[in-house]
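Summary of the model geometry
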Amino acid sequence: MPAPAANKRVKNKRISRNIIIGSEAWNLPPVGHPDRPKNIPDDHTKRWTVYARQPEGDPSLTTWLNKVQFKIFNTYENPLRTCENPPFEVTETGWGGFTVDIRLHFQPISGEKAQYRQHFLQLEKYGDEKLQAQQEKTGCVRSEFLEVVQFNEPTEALFEALTSEDQWNYLLPATAKGGKKAAMMGVGPNGRPKRGFPNGERSAQLPEKGGEDVPFSQEQEMTLIQTIREKIGEVGKELEEESKRRAETEEKLKALRTELGHEAAQQAAQQASGDRSRRR
Ligand code: SLL
């Protein structure tokens, strides 16, 4: 089989990835305070970090993201900051907020051009009362946005990377490198989570039968579907009985109304005849 190519595209496929773009800001101790960092201008009141981060539990960011550039305010030294590796972030001190231009550079195998994002560096408290109270309490003003990056008809090489198990490896505990303990944690002897077919074929399809190496199977799925069907059946029966009871109650109500109507009519008739007799 030829190696996945970085110049051939996989037709009719689109894969999305999330990335958090945000900033955090804290107050600096005032000038003269022993905890105030040395060598910063007196007018700086905040320390801040602007970042591009992987959402917790997501597949590894570096599978597709190669480097991130942050273009900060041009009075800063070297305002174009480049992060070749995670953490993709810039920490500085200052006094005012501004818009940071962010350039996301993709892995060369993706064949994709860089993409731009912008983030306003929020230094002052913002939002509703509750949020501001929280910002006051923690001393941290955070402003984050979840950005989506779409790979439309990715290159074969990128598709391979974005569907590979390796992008989850960072989630494995350091001890799970195979062996008994690893097996107990749902990790195969190769140190990877046990997924897909026992023969290693990668597929979204579940293997037919479960087993020691196969935590999820079609068999298990069918059992679950069966259970759900039975429950739906039970609920359906209950619903039917309830409907019957309701119909009966409505019948009774109707009968009562008729009876009442009858009585009321009789009363009215009696009253009317009484009135008539009195008039006589
Ligand atoms: C603007 N908000 O966009 C203003 C400017 C600049 C903030 C904000 C210190 C920079 C440095 C600093 O915080 N500048 O020390 O170089 O026009």
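For the structure itself, look to the data block above.
Reading the values: the criteria
Residues numbered from 1 in each chain as written. Predicted model: local features only at pLDDT ≥ 70, side-chain atom pairs only at ≥ 80, totals over all residues. Heavy atoms only, no water. Core = buried A, V, L, I, M, F, W, Y, C linked by side-chain atoms within 4.5 Å. Buried < 20%, exposed > 50% of the residue type's maximum accessible area, 1.4 Å probe, protein only. Contact = heavy atoms within 4.5 Å. Near = heavy atom within 4 Å. Polar contact = N/O pair within 3.5 Å; in protein donor to acceptor, adjacent residues only side chain to side chain. Areas by Shrake-Rupley, 256 points an atom, 1.4 Å probe, with all protein chains shown as cover. Patch = residues over 30% accessible without salt bridge, like charges linked within 9 Å, V, L, I, M, F, W, Y side chains within 5 Å. Salt bridge = Lys/Arg side-chain N within 4 Å of Asp/Glu carboxyl O. Lys, Arg positive; Asp, Glu negative; His and termini not counted. Charge placed at Lys NZ, Arg CZ, Asp CG, Glu CD. Helix = DSSP H or I, 4+ residues; strand = E, 2+ residues; numbered from the N terminus. Pairing = 2+ DSSP bridges. Axes fitted to C-alpha atoms, helices over the stretch in contact; angles between N-to-C directions.

1. Observations regarding the nonpolar core
- Among the nonpolar cores identified, the biggest contains 28 residues, and Trp48, Trp64 and Phe70 are the most heavily contacted of them.
- Discounting chain neighbours no more than four positions away, the residues touching Trp64 are Arg17, Asn18, Ile19, His105, Phe106, Gln107, Val149, Phe151, Leu158 and Leu162.

2. What about the site of the ligand?
- Close to the ligand lie His44, Phe73, Thr75, Tyr76, Gly94, Trp95, Gly96, Gly97 and Phe98.
- Between an oxygen atom of the ligand and a main-chain N or O atom of Trp95, the distance comes to 2.7 Å.
- Backbone polar atom of Gly96 to an oxygen atom of the ligand: 3.2 Å apart, as the coordinates give it.
- Bound to the protein, the ligand loses 69% of the 460 Å² it would expose on its own.

3. Points about a negative patch on the surface
- Negative charge collects at one region of the surface, where Glu230, Glu234, Glu238, Glu240 and Glu241 lie side by side.
- Its place among the elements puts Glu234 in helix α4 (residues 218-279).
- A relative accessible area of 44% places Glu234 in the partly exposed class.

4. Topic: the sheet that holds strand β5 (residues 88-94)
- Across the sheet, which stays open at both edges, the 4 strands sit in the order β5-β2-β1-β8 with antiparallel pairing between neighbours. Strands at the two margins of the open sheet, each flanked by one partner only, are β5 and β8 (140-152). Pairwise comparison of adjacent strand axes, ignoring direction, gives a mean angle of 15 degrees for this sheet.
- Sheet analysis places strand β1 (residues 14-27) next to strand β2 (residues 46-53), joined by 8 bridges and oriented antiparallel.

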